[in-house]
Amino acid sequence: MPPAHSKRHRMSLAAYCVICCRRMGTSTSPPKSNTYWRDIRNIIKFTGSLILGGSLFITYEVLALKKSLTLDTQVVEREKMKSYIYVHTVSLDKRENPGITYQARKELHKAVRKVLATSARMLRGPFADTFSTVDVEDHECAVWLLLKKSRSEDRAARLQAVQEMSETHHWQDYQYRIIAQACDLRTLTGLARSKESDLRFFLRPPPLPSLKEDSSIEEELRQLLASLPQTELDECIQYFTSLALSESSQSLAAQKGGLWCFGGNGLPYAESFGEVPSATVEMFCLEALVKHSEIPTHCDKIEANGGLQLLQRLYQLHKDYPKVQRNIMRILGNMALNEHLHSAIVHSGWVSILAEAMKSQHIMEASHAARTLANLDRETVRDKYQDGVYVLHPQHRTSQPIKADVLFIHGLMGAAFKTWRQQDNDQDLTENISEDETKYTTCWPKSWLASDCPALRIISVEYDTSLSDWRARCPMERKSIAFRSNELLRKLRAAGVGDRPVVWVSHSMGGLLVKKMLLEASKKPEMNTIINNTRGIIFYSVPHHGSHLAEYSVNIRYLLFPSLEVKELSKDSPALKTLQDDFLEFAKDKNFQVLSFVETLPTYIGSMIKLHVVPLESADLGIGDLIPVDVNHLNICKPKKKDAFLYQRTLQFIRDALAKDLEN
């Protein structure tokens, strides 16, 4: 009932009461009984109408108030302290002015809120939550409800809130920004890992600090690297650090003198002569920082010395230089392994950059971002993904239960992504295959296998290999198959490999690593789960009995100084023979399911050598099926299309090996 109308009723009732009283007071004769009770009934009628109408009005307003959920005042107070404040604009159009009735209703809302809050505290009723004096419109209720739900003590409620936020696409821009400001680290990371999340959930990174006067990014990178501990480092970290600092010094001196000087320790990188000098030096520094970021105490130093902001500036500067961006992502992913640095990473604005990268069509860019965000997401991910371990599926939060793991291990001169691409034009083992990896079309484990078997977690592993020590990334590095297998085994166990059934997929030297890892795991009690959960192994042209590759050392450019990896592949390698004998006995004892493919066509190595890298007899493990395929060594693991025999037979083996596990 409107206030004016209510006021007239109150005046009418009062006047009527006065008239009745005067009539009864001035009458000389005794009032008739029926007249007296008639007056009383009239008074009751008017009073009852007023009470009933008021009760209905208050009930309506309480229900309206309940519908428009309010927010915690502490959230508002925290928001006042933030640098971004979003306010509701007020229209200056007089036609949109709600008028005095609307204002009166708002004031009544505030008064009723205070009454309800006070009574709730006294009675400990259902309105016991803290009420604010800020009005929330009906269409804004969901925003604050989800924000409150995302901070619930119930983990399931928090996950549900993030999922509902990510699936919302009809909000106004300012509503996304409200959540961007008010949500906590846990919620923001969850939104970044949600496939359907709107990028408006993420505020722009805060402004980066200005560079020091007479300084450059290159010089600040050098200073950051020089500030890190230089003692008790392995030879390769010392090598990368000294190389970066040496090249930086030469670059700075040359820039001041107006010349660019090549030479020094950078000469092993012949590619330097074809690169932009500053970008080359930055790559040296980043490669050194990648190694340093594998040490937790060095990550602390990088963060304390402004490394997160410096890396972000470099990332934005080199948007068209994927190699720089990938190394920066590797550093960030390593730092995210340290939970005490999560807050610094989020507050520096990296999550918004990672969320955007997750939506990239480039598999490598999305996979690097997915690794970092998975390491940040302690709400749904308990595993930790160290450098070189990439999840191809699922890269986002999902309600799909994961029932098994499939691991992809590349071989000599391979990589976590390019090895498993769809077959393209014939290429060789030289620089053509080592060029910018963004040119490949797709990654069949991520696109095909994930689609055919969505209940799998698909992991691809990357490690450095080289054909010759002359072209090695670290000349002092002497990583044998035994050393690499222990290193990969430790990383895979940290990623939770062994907790579920496993199928291993390997190419070339990667198959030797798988064999060595399984043998090493069988000797360590803490690794027994990997053995017990291994369901099968796929070998793509794995040289169980050696390869002719090491014998071709006539090509000066590539095989003048064969690397240790190449030497271990030679047919007369005693380590290779011991590995084969031990694993064959072990695999028979464990009754592993095995499928092997082998190439039948030769492969061009450089311009001078045409070589059948893994002949039929060398690819024969001694157990399981061995299938020859009319392709060369490079294409044995690259199906031409999804319905090709190579992929369909692989898919069938994986499904058969995991049949019981996928049914449960």
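Calculation notes
- Residues numbered from 1 in each chain as written.
- Predicted model: local features only at pLDDT ≥ 70, side-chain atom pairs only at ≥ 80, totals over all residues.
- Heavy atoms only, no water.
- Helix = DSSP H or I, 4+ residues; strand = E, 2+ residues; numbered from the N terminus.
- Buried < 20%, exposed > 50% of the residue type's maximum accessible area, 1.4 Å probe, protein only.
- Contact = heavy atoms within 4.5 Å.
- Areas by Shrake-Rupley, 256 points an atom, 1.4 Å probe, with all protein chains shown as cover.
- pLDDT = per-residue confidence, 0-100.
- Pairing = 2+ DSSP bridges.
- Arc of directions from axis to C-beta.
- Expected span 1.5 Å × (residues − 1).
- Salt bridge = Lys/Arg side-chain N within 4 Å of Asp/Glu carboxyl O.
- Core = buried A, V, L, I, M, F, W, Y, C linked by side-chain atoms within 4.5 Å.
- Phe/Tyr/Trp six-rings, centres within 6.5 Å; stacked < 30°, edge-to-face > 60°.
- Axes fitted to C-alpha atoms, helices over the stretch in contact; angles between N-to-C directions.
- Left-handed = near helix turned anticlockwise from the far one by under 90°.
- Nonpolar A, V, L, I, M, F, W, Y, C, P; charged D, E, K, R; others polar.
- Parallel < 35°, antiparallel > 145°, perpendicular 65-115°, else oblique.

Visitor: Teacher, can you tell me more about the overall build of the chain here?
Guide: Each helix and strand counted, the chain has 27 helices and 9 strands in total. The proportion of buried residues among the 664 residues of the chain is 49%. Once local pairs closer than 6 in sequence are excluded, the contacts in the chain between residues at least 24 apart make up 77%. Summing over all exposed atoms, the chain offers an accessible surface of approximately 33100 Å²; the carbon and sulfur share of this is 54%.

Visitor: Whenever I open this one, the confidence of the model for the chain confuses me. Can you help?
Guide: In low-pLDDT segments, the atomic positions of the prediction should not be examined closely. A residue-level look at the chain finds 71% of positions with pLDDT of 70 or above and a mean pLDDT of 80. Ignoring residues within four places in sequence, the model shows residues 79–96, a span with pLDDT below 50, making 16 contacts including any to other chains.

Visitor: Help me understand the pairing of strand β6 (residues 593–599), please; the structure alone is not making it clear to me.
Guide: The side chains of a regular strand alternate, first on one face of the sheet and then on the other. By the criterion of burial, β6 is predominantly enclosed, with 6 of the 7 residues buried. In this structure, β6 lies alongside strand β9 (residues 625–629), joined through 5 bridges in parallel fashion. By the bridge assignment, Val 598 is partnered in β9 with Pro 628.

Visitor: What is the right way to look at helix α9 (residues 217–226) in this model?
Guide: For an α-helix, the turn length of 3.6 residues means that residues three or four places apart are oriented alike. Regarding α9, the residues found buried are Ile 217, Glu 218, Glu 220, Leu 221, Leu 224 and Leu 225. Relative to the axis of α9, the buried residues are bounded by an arc of 165 degrees and lie together on one face.

Visitor: What should I look at first to understand helix α19 (residues 481–494) in this one?
Guide: For α19, with 14 residues, the first-to-last C-alpha span of 20 Å sits near the 20 Å given by 1.5 Å per residue. Gly 496 sits one or two residues past α19 and shows a positive phi near 85 degrees.

Visitor: Teacher, can you tell me more about the pattern of salt bridges here?
Guide: Pairing between side chains of opposite charge can happen when their charged atoms approach one another. The full count for this structure, using the stated rule, is 20 salt bridges. Residues Arg 382 and Asp 499 are paired through a salt bridge, measuring 3.6 Å at the closest nitrogen-oxygen approach. On the criterion of sequence distance, the pair formed by Arg 382 in the loop between α17 (363–376) and β1 (389–393) and Asp 499 in the loop between α19 and β4 (502–507) is long-range, its members being 117 residues apart. Overall, Arg 382 belongs to the exposed group, its relative accessible area being 67%. For Asp 499, a relative accessible area of 37% gives the class partly exposed. When salt bridges that share partners are traced, they join Asp 383, Asp 405, Arg 457 and Arg 500 into one network.

Visitor: Quick question: what am I supposed to make of the nonpolar core here?
Guide: In this structure, Leu 147, Ile 179, Leu 289 and Trp 350 are the most contacted members of the largest nonpolar core, which totals 66 residues. Among the elements that make up this core, the one with the highest residue count is helix α11 (residues 277–292) (8 residues). Those residues within four positions of Trp 350 in sequence are excluded, and the remaining contacts are Leu 308, Leu 311, Gln 312, Tyr 315, Ile 328, Leu 332 and Ile 345.

Visitor: Is there a simple way to explain the packing of aromatic side chains in this structure?
Guide: The relative placement of two aromatic rings is captured by the distance of their centres and the angle of their planes. Counting across every chain of the model gives 15 aromatic pairs. Taken together, a centroid distance of 5.6 Å and an interplanar angle of 75 degrees make the contact between Tyr 315 and Trp 350 edge-to-face. Residue Tyr 315 is located in helix α13 (residues 307–317), and its partner Trp 350 is located in helix α16 (residues 350–358); the two are separated by 35 residues in the primary sequence. Among the residues examined, Trp 350 registers a relative accessible area of 0% and is labelled buried. When the centroid spacing of 6.3 Å and the interplanar angle of 85 degrees are considered together, the rings of Trp 420 and Trp 444 count as edge-to-face.

Visitor: What's the story with the packing of α9 against α13 in this structure? I'm lost.
Guide: Packed helices, taken two at a time, are described by the angle between their axes plus the distance between the axes. In contact at an axis separation of 11 Å, α9 and α13 are set at 145 degrees when each is read in the N-to-C sense. Relative to α13, the crossing made by α9 is left-handed. Packed against α9, whose contacting residues are Ile 217, Glu 220, Leu 221 and Leu 224, the element α13 presents Gly 307, Leu 310, Arg 313, Leu 314 and Leu 317 at the interface. Along the lines of polarity and charge, the residues of the contact of α9 with α13 split into 6 nonpolar, 1 polar and 2 charged.

Visitor: Would you explain the packing of helix α6 (residues 155–166) against helix α8 (residues 185–192) in this entry?
Guide: Put simply, α6 and α8 touch, their axes get as near as 10 Å, and they point 50 degrees apart. Judged by the angle between their axes, α6 and α8 are oblique. Every pair of crossing elements has a handedness; the one defined by α6 and α8 is right-handed. Contacts between α6 and α8 involve Arg 158, Val 162, Met 165 and Ser 166 from the first element and Arg 186, Thr 187, Gly 190 and Leu 191 from the second. Class assignment for the residues of the contact of α6 with α8 results in 3 nonpolar, 3 polar and 2 charged.

Visitor: Please explain the environment of Thr 280 as it appears in this structure.
Guide: With respect to the helices and strands, the residue Thr 280 is situated in helix α11. When the C-alpha positions of Thr 280 and Ala 244 are compared, they lie 9.5 Å apart, and in sequence the two are 36 residues distant.

Visitor: Where do I start with the sheet that holds β4 in this structure?
Guide: Adjacent strands of a sheet form backbone hydrogen bonds with each other and so pair up, either parallel or antiparallel. What the 7 strands build is an open sheet, ordered β1-β3-β2-β4-β5-β6-β9; its pairing is mixed. Looking along the sheet, the strands with just one partner apiece sit at the ends: β1 and β9. Across this sheet, the average inter-strand angle for adjacent strands is 20 degrees, counted without regard to direction. Note that strand β5 (residues 534–540) and β6 share 5 bridges and pair parallel. Paired with Gly 536 across the bridge in β6 is Gln 593.

Visitor: So what exactly am I meant to see when it comes to the pairing of β4 here?
Guide: When you tally the buried positions in β4, you get 6 out of 6 residues, the bulk of the element. Residues of β4 alternate between two faces, with Val 502, Trp 504 and Ser 506 on one and Val 503, Val 505 and His 507 on the opposite face, all of them buried. As paired elements, strand β2 (residues 404–409) and β4 share 5 bridges and run parallel to each other. Paired with Phe 408 across the bridge in β4 is Val 505. One ladder, built from 6 bridges, connects β4 with β5; its direction is parallel. Note that in β5 the partner of Val 505 across the bridge is Ile 538.

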